[in-house]
Each structure stands twice: as C-alpha cells, then as structure tokens.
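Understanding the architecture of this molecule
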Amino acid sequence: GIAKDYILYIGNLKPHKNVSGLINAYNMLPGNLKDNYQLVIVGKKDKNFSCFFNLVRKLRILDKVVFIDFVRDEDLPSLYSAATIFVFPSFYEGFGLPVLEAMACGVPVITSHVASLPEVVDDAANLVNPCDTKEIGMAIEKLLVDSSLRGDLVARGLTQSRNFSLDKMAKDILSLMEGLL
C-alpha cells in the first residue's frame, strides 16, 4: 500500500508509544505535504489496532495512512532506508532501538525528549515533547521541507549509530575487563 514518499513509524501499538499523537500530528500537516507523503505505521495489529484505525477513519485520512502488520527483521532495513523521515514520539522507552536502526539506515529522526531517547540519539535527532501534538507536527513539517536539515541529521545519525555497534561494545567490554584485571 505504500505508493509515494513516506513518514515512518516502527514499533508496537501500545498506548505508551503515542501512535495516536503521531497520527494527529500528521493530520495537522498542510494538505500538500499529506498529498506528497504517506504515514506508514508498522506494528503488530493487536487489540490496540482498532483504536488507531478508527482515529484515522475519523480524521478522514484512510487514503494517506498505511498500516503494516508484521515485517521480518531482514526486511526492516529496506523499509527504513526508503523513508523520508522516521518519527518515534514515545512517552517512555527502555532503550529505543528503532531510532538507532533508523539512524543506521541513513534516515533523519524525530523522537521524544524523554527517558533514554535523548541519550541514545545525542544531537543526531530532532527532539520533541511527546505530549505536544502540535510540536510533533511542526517538527515533521520542518524536516519535510528542509532538505539541508534532513541531510545534517542523516550525517549526525550515521555517526551516532556507530557508537552502538557490536564491535565497539565488544571492545569497550574487553577494555573494562582488562582494567579490572
């Protein structure tokens, strides 16, 4: 169902992920941006799905929002890489792996300024208040229209994502163990 450029969310559909806030923020975009960019929401269609589907129907944007149920891990990089931006407006997170995956795939990220997310992204993402739908929408709009900002966030995101590589973590653990010995 993806037919044009898109804004991507990947994660579960639990309330703390703030998918409804993302949908409402998307709906606030000017008509020309909604005409040019779909919102693609990837997450297992669990008991919460009907709430989000009904919101999209109520807002009359069914033709602009694509829900994808399950994506195999090996297919995720293609989905990330083709996105124009990745938005992850969660109210709280333990780590926030999807933002790191998006940055590693060269996608500019908008995420929440709460919990672990600022530490994970450092200065490589646009941080927003997840409780402020208008702020999320304005951040999406700005990133869609400002190609220079997108390029800057892509470059910083690629650099930041390297700080979380398996090689780096292994070297850090080895260095810590050597220091203890």
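Before reading on, note that the structure itself is shown above.
Our subject in this report is the structure included herewith.

Scoring rules and cut-offs
Residues numbered from 1 in each chain as written. Predicted model: local features only at pLDDT ≥ 70, side-chain atom pairs only at ≥ 80, totals over all residues. Heavy atoms only, no water. Buried < 20%, exposed > 50% of the residue type's maximum accessible area, 1.4 Å probe, protein only. Helix = DSSP H or I, 4+ residues; strand = E, 2+ residues; numbered from the N terminus. Pairing = 2+ DSSP bridges. Right-handed = clockwise from strand over helix to strand, strands pointing away. Phe/Tyr/Trp six-rings, centres within 6.5 Å; stacked < 30°, edge-to-face > 60°. Contact = heavy atoms within 4.5 Å. Salt bridge = Lys/Arg side-chain N within 4 Å of Asp/Glu carboxyl O.

**Some thoughts on the pairing of strand β4 (residues 85–88)**
- Residues of β4 alternate between two faces, with Ile85 and Val87 on one and Phe86 and Phe88 on the opposite face, all of them buried.
- When strand β1 (residues 6–10) meets β4, the two strands line up parallel, connected through 2 bridges. Bridged to Leu8 within β4 is Phe86.
- In terms of strand pairing, β4 meets strand β5 (residues 109–112) through 3 bridges, oriented parallel. Pairing of Phe86 across the sheet is with Val109, part of β5.
- Following the backbone out of β4, through helix α5 (residues 97–104) and into the adjacent parallel β5, one traces a crossover that is right-handed.

**Things to note about the packing of aromatic side chains**
- Going through the model one piece at a time under the given rule, you end up with 7 aromatic pairs.
- Here Phe86 and Phe88 contribute two aromatic rings whose centre-to-centre distance is 5.9 Å and whose plane-to-plane angle is 20°, an arrangement assigned as stacked.
- Looking at Phe86, the relative accessible area reads 0%, which means it is buried.
- Among the aromatic side chains, those forming a connected cluster through ring pairs are Tyr9, Tyr80, Phe86 and Phe88.

**Some points on the environment of Val109**
- Note that Val109 resides in strand β5.
- You can call Val109 buried: its relative accessible area is 0%.
- When the C-alpha atoms of Val109 and Asp35 are compared, they prove to be 21 Å apart, with 74 residues separating the residues in sequence.
- When neighbours within four sequence positions are excluded, Val109 is seen to be in contact with Phe86, Val99, Ala102, Met103, Ala125, Asn126 and Leu153.

**So, the pattern of salt bridges**
- Scanning the entire structure with this criterion turns up 7 salt bridges.
- Measuring nitrogen to oxygen at the nearest pair gives 3.0 Å for the salt bridge that ties Glu74 to Arg72.
- Exposure remark for Glu74: the relative accessible area of 53% places this residue in the exposed category.
- Classification of Arg72 by relative accessible area gives partly exposed; the value is 44%.
- Across the pair Asp123 and Arg156 runs a salt bridge, and its minimum N-O distance is 3.9 Å. Here Asp123 is found in the loop between α6 (117–121) and β6 (126–128), whereas its partner Arg156 is found in helix α8 (residues 147–162), with 33 residues between them in sequence.
- Taking relative accessible area as the criterion, Arg156 reaches 28% and is therefore assigned partly exposed.
- One network of salt bridges, in which partners are shared, links Asp35, Asp63 and Lys64.

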